[in-house]
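Reading the structure
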Amino acid sequence: MDNRQVIGSWLSGPRAAAEEMGVDFGYRGKRLGLPENGPGSIAPLGRRFGALFVDWALCLIIAYGLFARGDQQAAGNWALGIFLVLHILTVGTVGSTPGKRLFGLRVVREDGGRLGILLVVVRSVLLCLVIPPLVWDRDGRGLHDRLARAVQVRI
């Protein structure tokens, strides 16, 4: 075997090596029975980050204006609490936060139904811990979504 091919597969990672051996990973959401594109498909990462940014900015503005009284440190702390409450209330009732709605996203159960309040609370608390959303599976779902058996889809 040519050493360049071995080095290339090592640099490309295990997924590329598996694909070279014939493993078909499919598209994101295939294992969950979701469509590849359009409404109901897995939400793209860029839209999810955009929605998160909008929600966080909204929470910071509320915290700074109503609770922090000019203290930036306090505003950040209050914003996290407001962010938690915002997620529990909005995802638990309508399935999306203001940022998710703006970017055309919704949080649903793996089978497409609405999340129960207990799963919404678990998902929201894990989201506020920051690390669980950074651990993804091959469908692009964060650990917080996997534990809550949720998926973010396009509307």
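Higher on the page you've got the structure.
Residues numbered from 1 in each chain as written. Predicted model: local features only at pLDDT ≥ 70, side-chain atom pairs only at ≥ 80, totals over all residues. Heavy atoms only, no water.

**Some points on the overall build of the protein**
Across its full length, the protein carries 8 helices and 2 strands. Mapped from its N terminus to its C terminus, the protein presents α and β elements in the order α-α-α-α-α-β-α-α-α-β. Taken across its 155 residues, the protein has 36% of its residues classed as buried. The contacts in the protein between residues at least 6 apart in sequence include a share of 57% that link residues at least 24 apart. Total accessible area on the protein is roughly 9300 Å²; 64% of this is exposed by carbon and sulfur atoms. (Helix = DSSP H or I, 4+ residues; strand = E, 2+ residues; numbered from the N terminus. Buried < 20%, exposed > 50% of the residue type's maximum accessible area, 1.4 Å probe, protein only. Contact = heavy atoms within 4.5 Å. Areas by Shrake-Rupley, 256 points an atom, 1.4 Å probe, with all protein chains shown as cover.)

**Details of the packing of aromatic side chains**
Summed over all chains, the structure comprises 2 aromatic pairs. Each ring, one from W56 and one from F83, has its centre 5.7 Å from the other, and the planes form 70°; the classification is edge-to-face. With a gap of 27 residues between them, W56 in helix α3 (residues 45–68) and F83 in helix α4 (residues 72–93) connect regions that are remote in the sequence. Since its relative accessible area comes to 4%, F83 is described here as buried. Taken together, a centroid distance of 4.5 Å and an interplanar angle of 10° make the contact between F67 and W78 stacked. Taken together, the positions of F67 in helix α3 and W78 in helix α4 put the pair 11 residues apart, joining distant regions of the chain. The exposure class of W78 is partly exposed, given its relative accessible area of 42%. (Phe/Tyr/Trp six-rings, centres within 6.5 Å; stacked < 30°, edge-to-face > 60°.)

**Digging into the pairing of strand β2 (residues 150–154)**
Counting buried positions along β2 yields 4 of 5 residues, so the element is predominantly enclosed. The pairing of strand β1 (residues 105–109) with β2 spans 5 bridges and is classified as antiparallel. The residue bridging L105 from the neighbouring strand is R154, located in β2. (Pairing = 2+ DSSP bridges.)

**Observations concerning the side chain of Q152**
On the secondary structure map, Q152 appears in strand β2. A distance of 3.4 Å separates the side chain of Q152 from the side chain of D145, its partner in a polar contact. With near-sequence residues (within four places) excluded, Q152 lies in contact with S41, I42, A43, R48, K100, L105, R106, V107, R123, H144 and D145. (Polar contact = N/O pair within 3.5 Å; in protein donor to acceptor, adjacent residues only side chain to side chain.)

**With respect to the pattern of salt bridges**
Counted according to the given criterion, the structure contains 7 salt bridges. Close ionic contact of R31 with D139 constitutes a salt bridge, the shortest N to O distance being 3.0 Å. You can see R31 sitting in the loop between α2 (14–20) and α3 and its partner D139 sitting in the loop between α7 (131–134) and α8 (143–147), a full 108 residues away along the chain. Look at D139 and you get buried, because its relative accessible area is 2%. (Salt bridge = Lys/Arg side-chain N within 4 Å of Asp/Glu carboxyl O.)

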